[in-house]
Amino acid sequence: MVEAVLVDLFSLPANLQNNVQGLLHNTLEMIEKCSSIPAPFVYIMCRQRQGNERNSEQESMLPALRGFQSLKKRLEVVRALTTAAALYTIKQRLDEKDLSIIKVILPTLRKALMKVYTDHLFTAVYQFEFEDLQVASDCENLEIAEPQNEEQTLATQHVALIRSEIQTYLESLPSLKGELTILRSSLIPDDIFLHGFTTRTGGISYIPTLSSCNLFSSSKRRDPQVVVKENLRRLAKAAGFNPETFHRVKIDHANAVCIMGKTEPDSYDGIVTNQKGVTIAAPGADCIPVLFADPVRKACGAAHSGWKGTLLGVSMATVNAMVSEYGCNVKDILVVLGPSVGPCCYKLPHESAEEFHRIDPKCVRLFDSATPYIDIRRATRILLESGGILPENIQDDSVTDQNQNITFCTACHPDKFYSHFRDGTNFGTQIGFISIKD
């Protein structure tokens, strides 16, 4: 069932305004009479023009827009200088209303072009139907019109131009929720390593649970990869690393570790390197982003440690990879646990809680309840110490000086951090990152 209709008039030149008026009137008439739901939301996408030319265009559209009473409050004309700007504005309107099924009515020659834009600016959450813009005398055209016989494709250089247009527009957008903020640990020496943990401020993601510096894109969420890439570009500029040599773990909630420079596994929750100028990172939105640094052998690592990964020993697996690959001494390795859900908020079913209870009864609170509270940070520390990491070389929420604490509870601080536990399925993601300085 179509939830919104987008009428693309962006490519029609100003000297065809009389034709535009007729096309628009007939198209809106079809929508009003033939829609499978009463008065769907309708967005008319137009090129923004300057001065008198813009006023003339606006006035020429007015007659076509009059008379559609059921659409009046659900119809919006969106004008912008570029297709990317217009379409991104419409995406914001769709997201405000939680709409996902969109019919796009557009000139035939724009179809292949529009598909490139929608592939980049939207995710698999959205469904698009494409229909030719035409004058129609009955309802069948809106309901059953099919695409052209063959799918049109664009030349590589045209796709590159579209990507450049999108990137330029996104770079022009203001940061949301304040300046970009990076948390750093005093344990990791900053003369050797560049590192940090991100917060949710300073990016361009606008959906409430993703706003604003979301750093992970998923087919199940509404933030597209191009927006995450722009957020990463802004982070890299602020932090001082090269986004082109940035590598993030491919989460499997297990304990596999990727060795930079060797064959990359299909999925892994730990990553290590001794290459200078390469930034490695682990995401977290309740799960712990864990950073590892050996200032003696000049090697580093990052791991994503959720409750499953914690039980499977992903942190020690990352340590062991640094030892075996780079000759690190376990007693030289520094480990910092980043923002993550705390024992104040995190619950698991009793069966899973039993496994943490076996690590240390203090990892579980209200053990006899159906869903006890779990301390995955304490479990991580215990497993690291058991593996030979010195207690003083681990930084977590047990620090006595709270001014030095960076292991905040993500669920307790909605102004600073994303939280899957708190926000549900359309959640944002922060990261912990580290690299060896040149």
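The chain appears in an unreviewed UniProt entry as Purine nucleoside phosphorylase LACC1 from Anhinga anhinga. As its UniProt record puts it under Subunit (unreviewed entry), the chain is described as follows: "Interacts with FASN. Interacts with SDHA. Interacts with ATF6, EIF2AK3 and ERN1." Looking at the chain in UniProt, the text filed under Sequence similarities (unreviewed entry) is "Belongs to the purine nucleoside phosphorylase YfiH/LACC1 family."

J.: Explain the overall build of the chain to me, and be specific about the residues and the numbers.
T.: Assigned secondary structure in the chain consists of 12 helices and 18 strands. Taking the intrachain contacts of the chain between residues at least 6 apart in sequence as the baseline, contacts between residues at least 24 apart amount to 71%.

J.: So what's going on with the environment of Leu121? Which residues, and what values?
T.: Locating Leu121 in the fold gives a position in helix α4 (residues 111-121). Given a relative accessible area of 1%, Leu121 falls into the buried group. If sequence neighbours within four positions are ignored, Leu121 has contacts with Ala84, Leu87, Tyr88, Lys91, Ile166, Pro224 and Val226.

J.: Can you lay out the packing of helix α9 (residues 314-326) against helix α11 (residues 376-386) for me, pointing to particular residues and giving the numbers?
T.: Close contact between α9 and α11 brings their axes to 9 Å; oriented N to C, the two are set at 35 degrees. Handedness of the α9/α11 crossing: right-handed. Contacts between α9 and α11 pair Ser315, Met316 and Val319 from the former with Thr380, Leu383 and Leu384 from the latter. Split into classes, the residues belonging to the contact of α9 with α11 amount to four nonpolar, two polar and no charged.

J.: Any details on the packing of aromatic side chains? Residues and values, ideally.
T.: Considering all chains together, one arrives at nine aromatic pairs under this definition. Ring plane angle 50 degrees and centroid distance 5.3 Å describe the contact between Phe241 and Phe433, whose orientation is recorded as tilted. Of this pair, Phe241 sits in the loop between α7 (225-239) and β8 (246-248) while Phe433 sits in strand β18 (residues 430-436), and the two are 192 residues apart along the sequence. An aromatic cluster of three or more residues is present, and its members are Phe122, Tyr126, Phe128 and Phe130.

J.: Help me get a handle on the side chain of Thr429, residues and values and all.
T.: Structurally, Thr429 is set in the loop between α12 (420-423) and β18. With relative accessibility at 4%, the residue Thr429 sits in the buried group. There is a polar contact of 3.0 Å between the side chain of Thr429 and the side chain of Arg221. Apart from the residues lying within four places of it in its own chain, the contact partners of Thr429 are Cys213, Asn214, Leu215, Phe216, Arg221, Pro283, Gly284, Ala285 and Tyr418.

J.: Before we move on, can you summarise the pattern of salt bridges with the specific residues and values?
T.: Side-chain pairs of opposite charge can arise where the charged atoms are in close proximity. Using the criterion set out here, one finds 18 salt bridges in the structure. Notably, a salt bridge pairs Lys91 with Asp95, separated by 2.8 Å at the nearest N-O pair. Residue Lys91 and its partner Asp95 are both found in helix α3 (residues 83-96); the two are separated by four residues, about one turn of the helix. Glu131 is the partner of Lys103 in a salt bridge, and the nearest nitrogen-oxygen pair spans 3.5 Å. Within this pair, whereas Lys103 is found in strand β4 (residues 101-106), its partner Glu131 is found in strand β5 (residues 127-132), the two being separated by 28 residues in sequence. With respect to burial, Lys103 and Glu131 carry one shared label: buried. Put simply, Lys91, Asp95, Asp98 and Arg222 are held in one network by salt bridges that share partners.

J.: Kindly report on the sheet that holds β5, identifying the contributing residues and their values.
T.: The sheet built from five strands is open, its strands ordered β3-β2-β1-β4-β5 with parallel pairing. Across the chains shown, the open sheet's two edge strands, defined by having one partner strand only, are β3 (75-80) and β5. Ignoring strand direction, the axes of neighbouring strands in this sheet form an average angle of 20 degrees. Relative to β5, β4 is paired through six bridges, and the arrangement is parallel.

J.: Quick one: what's the story with the confidence of the model for the chain, residue by residue and with numbers?
T.: Per-residue confidence for the chain gives a mean pLDDT of 90, with 88% of residues at or over 70. Across residues 135-151, confidence stays below pLDDT 50; counting only partners more than four residues off in sequence or on other chains, it has 29 contacts.

J.: Give a description of the sheet that holds β18 that names residues and reports values.
T.: Pairing is mixed in the open sheet, where five strands are placed in the order β6-β7-β18-β11-β8. With one partner strand each, in any of the chains shown, β6 (182-183) and β8 form the two edges of the open sheet. Pairing geometry for β8 and strand β11 (residues 279-284), over three bridges, is parallel. Residue pairing for β11: Phe246 is matched across the bridge by Thr279.

Criteria and cut-off values
Residues numbered from 1 in each chain as written. Predicted model: local features only at pLDDT ≥ 70, side-chain atom pairs only at ≥ 80, totals over all residues. Heavy atoms only, no water. UniProt positions renumbered as here; feature names shortened; annotations may be inferred. Helix = DSSP H or I, 4+ residues; strand = E, 2+ residues; numbered from the N terminus. Contact = heavy atoms within 4.5 Å. Buried < 20%, exposed > 50% of the residue type's maximum accessible area, 1.4 Å probe, protein only. Axes fitted to C-alpha atoms, helices over the stretch in contact; angles between N-to-C directions. Left-handed = near helix turned anticlockwise from the far one by under 90°. Nonpolar A, V, L, I, M, F, W, Y, C, P; charged D, E, K, R; others polar. Phe/Tyr/Trp six-rings, centres within 6.5 Å; stacked < 30°, edge-to-face > 60°. Polar contact = N/O pair within 3.5 Å; in protein donor to acceptor, adjacent residues only side chain to side chain. Salt bridge = Lys/Arg side-chain N within 4 Å of Asp/Glu carboxyl O. Pairing = 2+ DSSP bridges. pLDDT = per-residue confidence, 0-100.

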